[in-house]
Structure formats: C-alpha cells, structure tokens
Amino acid sequence: IIRNDLGEAPHYIGYVYDITREIESDQNLKVAEQRLKSTLKSIDELIFVIDENGYYTEFYSNNEDENLYRSPEYFLGKHYREVMPKQNADLTEEHLGLIKKTGKPVSFEYQLTIQGASKFFKCKITPNPDIGDGLRKYTIVASDISEQKLLEARAEEYYKLFSKSNDLLAISDI
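Residues numbered from 1 in each chain as written. Predicted model: local features only at pLDDT ≥ 70, side-chain atom pairs only at ≥ 80, totals over all residues. Heavy atoms only, no water.

Draft legend 1. The arrangement of the overall build of the protein chain in detail. When helices and strands are counted, the protein chain shows 6 helices and 5 strands. In the protein chain, the order of α-helices and β-strands from amino to carboxyl end is α-β-β-α-α-α-α-β-β-β-α. Over its C-alpha trace the protein chain gives a radius of gyration of 28 Å, far above what one expects of a compact globule, namely 16 Å for 174 residues. Summarising the internal contacts of the protein chain: among those between residues at least 6 apart in sequence, 36% fall at separations of at least 24. (Helix = DSSP H or I, 4+ residues; strand = E, 2+ residues; numbered from the N terminus. Rg over C-alpha atoms; globule rule 2.2 N^0.38 Å. Contact = heavy atoms within 4.5 Å.)

Encoded structure:
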C-alpha cells in the first residue's frame, strides 16, 4: 500500500500468485494415498520394505498377529539378519544378490515356525524405483502358502499309497 502525505492510500501495489495447480496436485496426491491405503487393506499378504543395506524401513499387513515371526515394533529399523533365523536370512541374502545383479524381481519359498506352528511362505522381492532419497529399496511380499503345502503333501501321500496298490479303487459320492 502506498500512502500520500495525508495518510490516504490512493494506490495499491500487489502481487498475486496462482496456486491452483499446487492445490490440485496436493488433492490428487491425497486421493492416490487413500486409494493405495484402501488397496493395502484388502491384501492378506505381508508387505515389507527394506533398504539396500538390508534394514526394514516399512511394513504393511492386515493380519499381523498370525503370520509374523516378530512384531513390527521389534523388526522395523533392524537388519533382516537380526530378525530372521539364519537359514531364512541366507535365502533372503541370496535372492537380494540376484535381484541386485539382474534388476528383476525374484521369488522363493521358505518355512518358519510361528507360535509353535510350521508355516510356509512364498516370497517375492521387487526393486523399488529410485525416488532420489539416496538408498535403493526393495519391496518384499510374503504370502502364506501353508494350506497349499499341506494339500500337496496329502496328495503326495495318497499318490504313493495308491500307486503301490494293484486293486481297483472306486470312489463314489452317494
């Protein structure tokens, strides 16, 4: 505001900056975050993010209690070798080495004893796009395949049992 000798303000000088794009971008980002959160809530898998040095940085899941070897409070910020049994840590290291060489996702299966029960998991590790924060990150998605493994074992038992038999077996649903 520019005032004259009488203290009046006959002239105004101002600056206007249109922030419409910034507001729209912020709103679009919030919508995308809500969609991602909603999608993550519908997934039964365990989702971990580790940095290139092997430290857990993020974790997402809907069924934490039944399939976790350790709680997120315990493992977040720790190296996977501090958290996992040696055999599983060795598998993880081996597959991280492959992904670092090829840049392509890798999958493997592993077994853990959780709350006294033997659980089987299929694990897929995918490199995350570089977002410029200085550390490469990897997303690990672990799916509980325990029921599938149990059914496979039963099928194998039945196959062995029936393949040794010379008798005709008829199965009927009456």
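After that view, the rundown keeps rolling.
Draft legend 2. Structural context of the side chain of Ser 143. Considering the arrangement of structural elements, one finds Ser 143 in strand β5 (residues 137–144). One polar contact links Ser 143 to Glu 45, side chain to side chain, over a distance of 3.3 Å. Look past the residues within four positions of Ser 143 in its chain and what remains in contact with it is Glu 45, Phe 120, Phe 121 and Lys 122. (Polar contact = N/O pair within 3.5 Å; in protein donor to acceptor, adjacent residues only side chain to side chain.)

Draft legend 3. Representation of the pattern of salt bridges in the model. Inspection of the entire model under this criterion finds 5 salt bridges. Put simply, Asp 90 and Arg 81 hold a salt bridge, and the shortest N to O gap is 2.7 Å. Overall, Arg 81 belongs to the partly exposed group, its relative accessible area being 34%. With a closest N to O distance of 2.7 Å, Arg 81 and Glu 93 form a salt bridge. One end of the pair, Arg 81, is in helix α4 (residues 80–83); the other, Glu 93, is in helix α5 (residues 86–102), with 12 residues separating them in the sequence. A relative accessible area of 41% means that Glu 93 is categorised as partly exposed. Here the residues in one salt-bridge network are Arg 81, Lys 86, Asp 90 and Glu 93, joined through shared partners. (Salt bridge = Lys/Arg side-chain N within 4 Å of Asp/Glu carboxyl O. Buried < 20%, exposed > 50% of the residue type's maximum accessible area, 1.4 Å probe, protein only.)

Draft legend 4. Inspection of unusual backbone geometry at higher detail. For Gln 115, which is not glycine, the phi torsion reads 50° and is therefore positive. Relative to the helices and strands, Gln 115 is located in the loop between β3 (106–114) and β4 (117–127).

Draft legend 5. Fine view of α5. A rise of 1.5 Å per residue sets the reference length of α5, with its 17 residues, at 24 Å; its end C-alpha atoms lie 24 Å apart and thus fit the reference within 8%. Regarding α5, the residues found buried are Asn 88, Ala 89, Thr 92, His 95, Leu 96 and Ile 99. All buried residues of α5 fall inside an arc of 135° around its axis, so they share one side. Among the exposed residues of α5, those oriented more than 90 degrees off its buried face are Lys 86, Gln 87 and Lys 101. Looking at the packing, one finds that the buried side of α5 touches β1 (46–51), α4, β3, β4 and β5. In the stretch just after α5, Gly 103 is the one whose phi turns positive, near 75°. (Expected span 1.5 Å × (residues − 1). Arc of directions from axis to C-beta.)

Draft legend 6. Representation of the nonpolar core in the model. If you look at the biggest cluster of nonpolar residues, it comprises 24 residues, and the most contacted ones within it are Phe 48, Tyr 56 and Ile 125. Put simply, the parts of the chain that give this core at least two residues each are β1, β2 (56–60), α4, α5, β3, β4 and β5. When residues in this core are grouped by element, the largest group, 5 residues, is from β3. Sequence-distant contacts of Tyr 56, defined by excluding residues within four places in its chain, comprise Phe 48, Val 49, Ile 50, Phe 75, Leu 76, Gly 77, Lys 78, His 79, Tyr 80, Val 83 and Met 84. (Core = buried A, V, L, I, M, F, W, Y, C linked by side-chain atoms within 4.5 Å.)

Draft legend 7. Just the side chain of Thr 92, in detail. Counting through the fold element by element, Thr 92 comes out in helix α5. On the basis of relative accessibility, which here comes to 5%, the residue Thr 92 falls in the buried class. Excluding its chain neighbours within four sequence positions, the residues that come into contact with Thr 92 are Tyr 80, Met 84 and Phe 108.

Any link to function would need more than the numbers given here.
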